[in-house]
Amino acid sequence: MLGKPVWWKESVVYQVYWRSFYDTDGDGYGDLQGVIRKLDYIRSLGITMVWLNPFNESPDKDNGYDISGYYGIMPKAGDEADFEELLTEVHKRGMKLMMDVVLNHTSNLHPWFLESRSSKDSPKRDWYIWKDGPADKPPTNWRSYFNPSCWEYDESTGQYYMHSFAVEQPDLNWANPAVRQEMYRMLRYWLDKGIDGLRLDALALLAKPEQYRDAENPHDIRYLTHNPGLHGYLQEMNREVFSRYDMMTVGEIAYATPQNGPLFVDEERGELHTLFHFEVADEMPEWDMPRYKRIQRTWAAALRDRGVNSHFLNNHDHARQVTRYGNDGKYRVQSAKLLATLIHTLPGIPYVYQGEEIGMTGVRYDSIGDYQDIAMRNRYAEEVGLGKDPAAVLRSLQPLSRDNSRTPMQWSAAAQAGFTEGDPWIQVNPNYRSINVEQALADPDSVYYYYRDLIELRKRHSVMVYGEFEDISGDDPHLYVYYRILDSVRWTIMLNHAEESGFFSVPVFAGGGTEPVLILGNYKDKPAIDLKSGRVELRPYEACIFESDMKT
């Protein structure tokens, strides 16, 4: 069994990017009341926990990840009464609520930063990272995620402040104990209200480098992450906050590897429950089956009996999975179901990003002016400023733009996909007339119902949560075949990620014995199996889950 049984390991998390989910007041932005109105839909999938992207007070330069007030609610989202109602209604339906918390940085309009930049003698000067620059240059050549430099000059005090993301997102100084205690107080405030989980943003960046010196390769920004002191901060946070509540934590850990990842989630170390790593979403631009399998094998071995992984292929920061990693044309439905099978049957906690359960696809806008993604817009301006062809730059940035996943949820074929009665903050994907929730609910063979079946299986069969994992398909370029085994139960998961049929011989199917039972598949009938050889023929983008007798 993979670790001790506990409720959070059995979770299925549904991510709600609320500004694109459902708008109830006609301003073009989704809101907390919109989430409330759609809770029955979320529950109908079998979801156990709802993850809500940041809704705190914010000038909204980075869609809520630039917080100007940790205790208030952004007016676009609603007010405190809306939040309280949402929390109550989530719990009333037997689900839990996960809050997205930004710990690495604030908005440059946060009162802390306004006080910090007011004077070098400000009591909060040391709450942020301030440095002198040599000869009118930034302190180092370090880049940020969103800008060519992570330093911004402040004329009023003659120093630079550090921002790992946008200029409007100055980094907090976690080396200052007063900063840490204030953040812990804030976390306890929301947990005391009844929040059940925390998604901790940009966690690998909390500790800063010991030396502020130029990087040999400034474009490789790993120097911003995993610096000395990070694990001490997390262990302190666990002692003072997490350990005092029956809740779940997941850390967004940039550049996590199978070597350092277990340090964050090892059940004996007292840091986090689980983590997001990005060896797939950040480092695998398009589908590469051998590479994906090697990543999963390595992580499964590293975390075995130590900690828990999280599985996702898209979210608010990464393009739609069926477009990026599947086939959003002829085999959209089949490949959407295949990718779902993958995420829900690997060892770890599956995450469902709003819309993936109906097979929503990526989008291509005609002009950079149609894009809202601050990272994309800044990169476009930088590249064009270097003299590159604007049309070519746009084409190169479109596939991985974060706006691919941020288009409004497609509820129906009505105007604006039924998302709003106003003008949406970002354009709706034009294919909403054929891909929407209303259509999916009316089709018993839709992606939606497949997700519901997968999640129900997870609730009824512990093998999906606690079963051992064994990949038997090696580096086959298209087929992924693996076992999940718990006690006397063996499940065989078979996936053919290709437009052509594929063949694979499963040792436990051979010998002319009892035919394995098909638990779930994404075709209406089971694939052809030769019981003598154990050879299975899988059709294009076919996914199957079999149960068979335990044999050596």
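Scroll up to find the structure this text is about.
Now for a quick tour of the structure. Positions within a chain are numbered from 1, following the residues in the order the chain's sequence is written. Two thresholds apply to this predicted model, a pLDDT of at least 70 for residue-level local features and 80 or more for giving and counting side-chain atom pairs, whereas whole-chain, interface and lining totals are computed over all residues. Note that water and hydrogens are dropped before the side-chain values are worked out from all heavy atoms of the structure.

## What about the overall build of the protein?
Counting from the N terminus, the helices are DSSP H or I runs at least four residues long and the strands are E runs at least two residues long. Across its full length, the protein holds 15 helices and 21 strands. For 552 residues, the compact-globule estimate of 2.2 N^0.38 gives 24 Å, and the protein sits close to it at 24 Å. With respect to the principal axes defined by its C-alpha atoms, the protein has extents near 80 × 55 × 50 Å. Burial classes: relative accessible area under 20% of the type maximum marks a residue as buried, over 50% as exposed, and values in between as partly exposed (1.4 Å probe, protein chains only). Counting all 552 residues of the protein, 60% fall into the buried class. When we talk radius of gyration, it's over C-alpha atoms, and the globule rule is simply 2.2 Å times the number of residues to the 0.38.

## Focus: the pairing of strand 10 (residues 248–252)
Counted residue by residue, strand 10 has 5 buried out of 5 residues, so it is predominantly covered. Side-chain alternation along strand 10 places M248, V250 and E252 on one buried face and T249 and G251 on a second face that is also buried. Should DSSP find at least two bridges between two strands, the strands are taken to pair. Here strand 9 (residues 197–201) pairs with strand 10 via 4 bridges, running parallel. Bridging from a neighbouring strand, G197 pairs with M248 of strand 10. You can see the chain leave strand 9, run along helix 6 (residues 230–240) and come back into strand 10, and the turn it takes is right-handed. Note on handedness: a crossover is taken as right-handed if, strands pointing away from the viewer, the path from the first strand over the helix to the second is clockwise.

## With respect to the packing of helix 11 (residues 374–385) against helix 12 (residues 390–397)
Whenever a helix is involved, its axis is fitted only over the stretch in contact; in every case the axis is a line through C-alpha atoms, and angles between N-to-C directions fall within 0 to 180 degrees. The interhelical angle for the contact between helix 11 and helix 12, taken along N-to-C directions, is 145°, at an axis separation of 10 Å. Note that helix 11 runs across helix 12; the crossing there is right-handed. Residues M376, R379, Y380, E383 and V384 of helix 11 form the contact with helix 12, whose own contacting residues are P390, V393, L394 and L397. Of the residues that constitute the contact of helix 11 with helix 12, the class distribution is 7 nonpolar, no polar and 2 charged. In this scheme the crossing of two helices becomes right-handed for a clockwise turn of the near helix relative to the far one and left-handed for an anticlockwise turn of less than a right angle. Any two residues whose heavy atoms approach within 4.5 Å at even a single point are treated as in contact. Amino acid classes used here: Ala, Val, Leu, Ile, Met, Phe, Trp, Tyr, Cys and Pro are nonpolar; Asp, Glu, Lys and Arg are charged; the rest, including Gly, are polar.

## Some words on the packing of helix 3 (residues 80–92) against helix 5 (residues 177–193)
Between helix 3 and helix 5, the least distance of the axes is 11 Å, while the angle of their chain directions is 55°. Classified by the interaxial angle, the pair formed by helix 3 and helix 5 is oblique. Facing helix 3, whose interface residues are E80, F83, E84 and L87, helix 5 presents Y189, W190 and K193. Oblique is the label for any angle not covered by the other classes, which are roughly parallel (under 35 degrees), roughly antiparallel (over 145) and roughly perpendicular (65 to 115).

## Notes on the sheet that holds strand 18 (residues 517–521)
One open sheet accounts for 5 strands, arranged 14-15-16-21-18; its pairing is antiparallel. This sheet does not close on itself; its edge strands, each paired only once, are strand 14 (468–471) and strand 18. Strand-to-strand twist in this sheet, taken as the mean axis angle between neighbours without regard to direction, amounts to 20°. Pairing between strand 14 and strand 15 (residues 479–486): 4 bridges, direction antiparallel. Paired with E468 across the strands is I485, a residue of strand 15. The sheet strands contacting helix 10 (residues 332–345) are strand 15, strand 16 (489–496) and strand 21 (543–548), and the helix crosses strand 16 at an angle near 145°. Where helix 14 (residues 447–460) meets the sheet, its contacts fall on strand 16, strand 18 and strand 21, and the angle it forms with strand 18 comes to roughly 130°.

## Points about the nonpolar core
One recurring pattern in soluble globular proteins: nonpolar side chains tend to sit buried together. We define the nonpolar core as a collection of buried residues of types Ala, Val, Leu, Ile, Met, Phe, Trp, Tyr and Cys that are connected through side-chain atoms lying within 4.5 Å of one another. Ranked by internal contacts, the top residues of the largest apolar core, which has 132 residues, are Y14, I42, F55, L103, L198 and Y292. Leaving out residues up to four positions away in the same chain, L103 has contacts with L172, W174, M183, M186, L187, L200, D201, L203, L206 and M237. Judged by nonpolar contacts, the second largest core, of 14 residues, contains W8, V13, M248 and V250.

## A few points about helix 11
Any helix carries an expected span of 1.5 Å times its number of residues minus one. Given a rise of 1.5 Å per residue, 12 residues ought to cover 16 Å, and the 16 Å separating the end C-alpha atoms of helix 11 matches this to within 8%. Residues of helix 11 that are buried make contact with helix 12. Just downstream of helix 11 lies G387, where phi reads positive at about 95°.

## A few points about the side chain of N56
Structurally, N56 can be placed in strand 3 (residues 56–57). For N56, a relative accessible area of 2% corresponds to the buried category. Pairing of N or O atoms within 3.5 Å defines a polar contact, subject to two protein rules: one partner must be a possible hydrogen donor and the other a possible acceptor, and residues neighboring in sequence count only if both atoms are side-chain atoms. Of the polar contacts made by the side chain of N56, one reaches the backbone oxygen of Y70; its length is 3.0 Å.

## What to know about helix 10
Each turn of an α-helix holds 3.6 residues, which means side chains three or four residues apart point in the same direction. Here helix 10 spans 20 Å end to end across 14 residues, near enough to the 20 Å set by a 1.5 Å rise per residue. Of all the 14 residues making up helix 10, 12 are buried; the element is thus mostly covered by neighbouring parts of the structure. Three or more residues of helix 10 are buried, namely R332, S335, A336, K337, L338, L339, A340, T341, L342, I343, H344 and T345.

## Considerations on the pairing of strand 2 (residues 49–52)
Burial along strand 2 is two-sided: M49 and W51 and V50 and L52, pointing in opposite directions, are all buried. With 4 bridges connecting them, strand 1 (residues 13–16) and strand 2 associate as parallel partners. By the bridge assignment, Q15 is partnered in strand 2 with W51. Of the strand pairs in this sheet, strand 2 and strand 5 (residues 96–102) are connected by 4 bridges, and their pairing is parallel. For W51, the partnering residue across the bridge sits in strand 5 and is M98.

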